[in-house]
Structures are given as C-alpha cells and as structure tokens.
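Geometric and topological summary
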Amino acid sequence: MRRTRYVATLMTLALVLAACGGEGETTKPDAGGGETDITLLAQNVAFDLTKLNVPAGEQITITFENRDAGIRHNLLINGPSGRIATDVETGPVTQTLTFTIDEAGTYRFLCEVHPSVMVGELVVSG
Ligand SMILES: [Cu+2]
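A brief look at the structure comes next. Worth saying up front: this structure is predicted, and the values here are computed from it rather than measured.

In spatial order, the strands read β1-β3-β8; together these three strands make up an open sheet with mixed pairing. In this open sheet, the two strands that pair with only one neighbour each are β1 (35-42) and β8 (93-100). The mean angle between the axes of side-by-side strands here comes to 20°, regardless of whether they run parallel or antiparallel.

To continue, consider the sheet that holds strand β2 (residues 51-55). Overall, mixed pairing links the five strands, which are arranged β2-β10-β9-β5-β6 in an open sheet. Pairing within the sheet leaves two strands with one partner each, and these edge strands are β2 and β6 (82-85). Across the sheet, the axes of successive neighbouring strands diverge by a mean angle of 25°, strand direction being ignored. Relative to strand β10 (residues 119-125), strand β9 (residues 105-110) runs antiparallel, the two sharing six bridges. Note on β10: the bridge partner recorded for Phe-109 is Gly-120.

The bulk of non-glycine residues show a negative phi, and the bulk of peptide bonds are trans. A cis amide bond links Gly-91 to the next residue, Pro-92, at an omega of 0°. Tracing the backbone shows Pro-92 in the loop between β7 (89-90) and β8. Look at Asn-44: it is not a glycine, yet its phi comes out positive at around 55°. With respect to the secondary-structure elements, Asn-44 resides in the loop between β1 and β2. The phi dihedral of Val-45 is positive, around 55°, even though this residue is not glycine. Residue position: Val-45 is located in the loop between β1 and β2. Of the residues examined, Val-45 has 13 C-beta atoms within 10 Å and is grouped as partly exposed.

Calculation notes
- Residues numbered from 1 in each chain as written.
- Predicted model: local features only at pLDDT ≥ 70, side-chain atom pairs only at ≥ 80, totals over all residues.
- Pairing = 2+ DSSP bridges.
- Helix = DSSP H or I, 4+ residues; strand = E, 2+ residues; numbered from the N terminus.
- Axes fitted to C-alpha atoms, helices over the stretch in contact; angles between N-to-C directions.
- Buried ≥ 20, exposed ≤ 12 C-beta atoms within 10 Å, placed from the backbone.

In structure tokens:
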C-alpha cells in the first residue's frame, strides 16, 4: 500500500481533528481505520496482480482498470457468501468494487470472459 506517503498528512490531520473534535473528512484511512484500497489492472488479457492480501472485516475497495482497448473484462470474486463482481465492460474502463469479507480464507478471483488465463487468489486474513 501507499500508506507511508500519507503518514505526515495523517499526523497533521490528527492534530486538526483532535483540535476540533469533529469527524472530518479524510480521503485515506489511517492504519486502524478499517479500509483497504487496491488497484488491479487488466492489461494484455492478464491481471497485473495474481495474489491480493486483505484483512478480514475491513471494507475493501478494488479499483479495477481494464486497459485493454476493445476487450471485455470484469472482476469476479468467489466470496464466502457468493459472487462479488463488476459488470463485463469493454476497455478502456475503470470500475470499482467495494466489499467486506468477514471470514478469513483464500478466495478465487477471475475475469469471467477469460477465466482460464485471468485468475488469482484473494487471501483474507483475520
Ligand atoms: Cu478478461
């Protein structure tokens, strides 16, 4: 993740928030904030990452960038309670998928259009 980059900002924010005691608006969570952001690319009919590690019980947002012009992709995760998926769309297009998985485990993710070559593992650790 890119968290270290935001440490200084977060520290400043923390001071501001502590000062006013309000909730405030933060675009990036702090380490214990319960949110994880991941960017996953589809390029040349392949995912750039085939293993994603996320914590259980946190809100996960995957920004899925289909960079293949004229090629249809989507992102599907076989979660513990069924499918979590974006629509199949022709690239270039950027989609986001937001979800929370409470049960630790290893779940398959794939593109439904190219399931034999675009596959990976989502490792959820508790
Ligand atoms: Cu695909």
